[in-house]
Amino acid sequence: MSGAAVITLCSAPRLEHLRNQLRATAGVPRIVVWIGDDEPPELDAEAVVRVPPGASGLRLAAARNAGAREATARGATLLIFLDADCVPAPGLVDAYRAAADRSPDAVLCGPVTYLPPGAALDDAALRAATAPHAARPAPSPGELRRATAAEYPLFWSLSFALAPAVWREAGGFDEVFEGYGGEDTDFAFSLRARGIPLVWVGGADAYHQYHETSSPPWRHLDDILRNGALFAEKWGEWPMGGWLAAFAEAGAIERVPGGWRRVPA
């Protein structure tokens, strides 16, 4: 393997989304990290690595680290991480390659468009649907923009790329985080603390396939409290402030010295 490799985490609930992604990335080496506690199915990928759940849930941080190690060991010179829900634009890989040539020391982040239910995934339909999420910068195709210090918390692991040397310098994801939430922002804070550039990459578009969610994510409340406390112990502040505020407004959690807790029954 040489050049770019696409690394994806998946479990059974996202299998059909993953198969769409694998079809869209044909011709590019793919590493799938299976994060469920079951056996992975047959997949059209160069490697399938297993990282089963831990005591507190899915081990997303450990799985990304395992995927990076596998791709690097196979000779990849650019690691492209795509969420299992995401399908790439036809030009995503080339856009990340070009960005890596121009900014080899950076973590690269392309725009993400959220698709509605039943959206078509052919190239023309994706181009027509392109409407990057407004919460993050989305430069014009071919444009690179270095993130300001205040923008590092906008990092998402849905779609990003970096060279193996940058991955090693960043230290990977902190595997203390298990279950939902916190590990993305922790990785971003680590990048900022180490002085590693974060670059917004125009034209490296990914498209998030629809699935049902809740806002705030009620089924992940305990994960968010646990991982938020770990994050706060490390960085002196809590992440996921919008969700915490929504849980508090609904009466589910309350402020306590140093953080948050569930409201006692």
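Check the entry above for the structure.
In this text the structure is predicted, and so the values were computed from the model without any measurement. (Residues numbered from 1 in each chain as written. Predicted model: local features only at pLDDT ≥ 70, side-chain atom pairs only at ≥ 80, totals over all residues. Heavy atoms only, no water.)

## Side note on the overall build of the protein
(1) Moving on: Tallying secondary structure elements over the protein gives eight helices and 13 strands in all.
(2) Moving on: Each of the 265 residues in the protein was classed as buried or not, and the buried ones make up 51%.
(3) Moving on: Of all intrachain contacts in the protein linking residues separated by at least 6 positions in sequence, the fraction that spans at least 24 positions is 70%.
(4) Moving on: Carbon and sulfur atoms make up 51% of the accessible area of the protein, which totals about 11,800 Å².
(5) Moving on: For the protein, the centre of its 24 positive side-chain charges and the centre of its 32 negative side-chain charges are spaced 2 Å apart. (Helix = DSSP H or I, 4+ residues; strand = E, 2+ residues; numbered from the N terminus. Buried < 20%, exposed > 50% of the residue type's maximum accessible area, 1.4 Å probe, protein only. Contact = heavy atoms within 4.5 Å. Areas by Shrake-Rupley, 256 points an atom, 1.4 Å probe, with all protein chains shown as cover. Lys, Arg positive; Asp, Glu negative; His and termini not counted. Charge placed at Lys NZ, Arg CZ, Asp CG, Glu CD.)

## A few points about the sheet that holds strand β10 (residues 198-201)
(1) Moving on: Read from one edge of the open sheet, eight strands run β3-β2-β1-β4-β9-β6-β10-β8, paired in mixed fashion. Only two strands of the sheet have a single neighbouring strand rather than two, namely β3 (47-50) and β8 (144-146). The mean inter-strand angle of the sheet, taken between neighbouring strand axes irrespective of direction, is 25°.
(2) Moving on: With four bridges joining them, strand β1 (residues 4-10) and strand β4 (residues 78-82) adopt parallel strand pairing. Pairing of V6 across the sheet is with I80, part of β4.
(3) Moving on: Sheet contacts for helix α1 (residues 15-24): β1, β2 (30-34) and β4; angle to β1, the most-contacted strand, approximately 170°.
(4) Moving on: Against the sheet, helix α3 (residues 92-102) touches β1, β4, β6 (107-109), β8, β9 (159-162) and β10, its axis set at about 135° to β4. (Pairing = 2+ DSSP bridges. Axes fitted to C-alpha atoms, helices over the stretch in contact; angles between N-to-C directions.)

## Some points on the packing of aromatic side chains
(1) Moving on: Here the structure, examined in full by the defined rule, presents 15 aromatic pairs.
(2) Moving on: Here F160 and F187 contribute two aromatic rings whose centre-to-centre distance is 6.1 Å and whose plane-to-plane angle is 50°, an arrangement assigned as tilted. Of this pair, F160 sits in strand β9 while F187 is found in helix α6 (residues 183-194), placing the two residues 27 residues apart along the sequence.
(3) Moving on: By relative accessible area, F160 is classed as buried at 0%.
(4) Moving on: With a relative accessible area of 1%, F187 lands in the buried category.
(5) Moving on: An angle of 45° between the planes, with centres 6.5 Å apart, marks the rings of F231 and W235 as tilted. (Phe/Tyr/Trp six-rings, centres within 6.5 Å; stacked < 30°, edge-to-face > 60°.)

## Some words on unusual backbone geometry
(1) Moving on: Its identity is not glycine, yet M240 carries a phi of approximately 55°, on the positive side.
(2) Moving on: With respect to the element layout, M240 can be found in the loop between α7 (221-235) and α8 (241-249).

## Looking at α3
Since the α-helix packs 3.6 residues into each turn, any two residues three or four apart lie on the same face.
(1) Moving on: Taken together, the buried positions of α3 are L92, V93, A95, Y96, A99 and A100. Taken end-on, α3 shows its buried residues confined to a sector of 160°, consistent with a single buried face. Set apart from the buried face of α3 by more than 90 degrees, the exposed residues are D101 and R102. (Arc of directions from axis to C-beta.)

## Quick notes on the sheet that holds strand β11 (residues 206-208)
(1) Moving on: Here we have three strands laid out as an open sheet, ordered β5-β11-β7, and mixed in their pairing. Since the sheet does not close on itself, it has two edges, and those belong to β5 (86-88) and β7 (112-114), each with one partner. In this sheet, adjacent strand axes meet at a mean angle of 25° when their direction is disregarded.
(2) Moving on: Of the strand pairs in this sheet, β7 and β11 are connected by three bridges, and their pairing is parallel. Of the residues in β11, the one forming a bridge with V112 is A206.

## Some points on the environment of V93
(1) Moving on: Structurally, the position occupied by V93 is in helix α3.
(2) Moving on: By relative accessible area, V93 is classed as buried at 11%.
(3) Moving on: Between the C-alpha atom of V93 and that of G203, which follows or precedes it by 110 residues, the distance is 9.8 Å.
(4) Moving on: Those residues in contact with V93, other than ones at most four positions away along the chain, are A4, V28 and I80.

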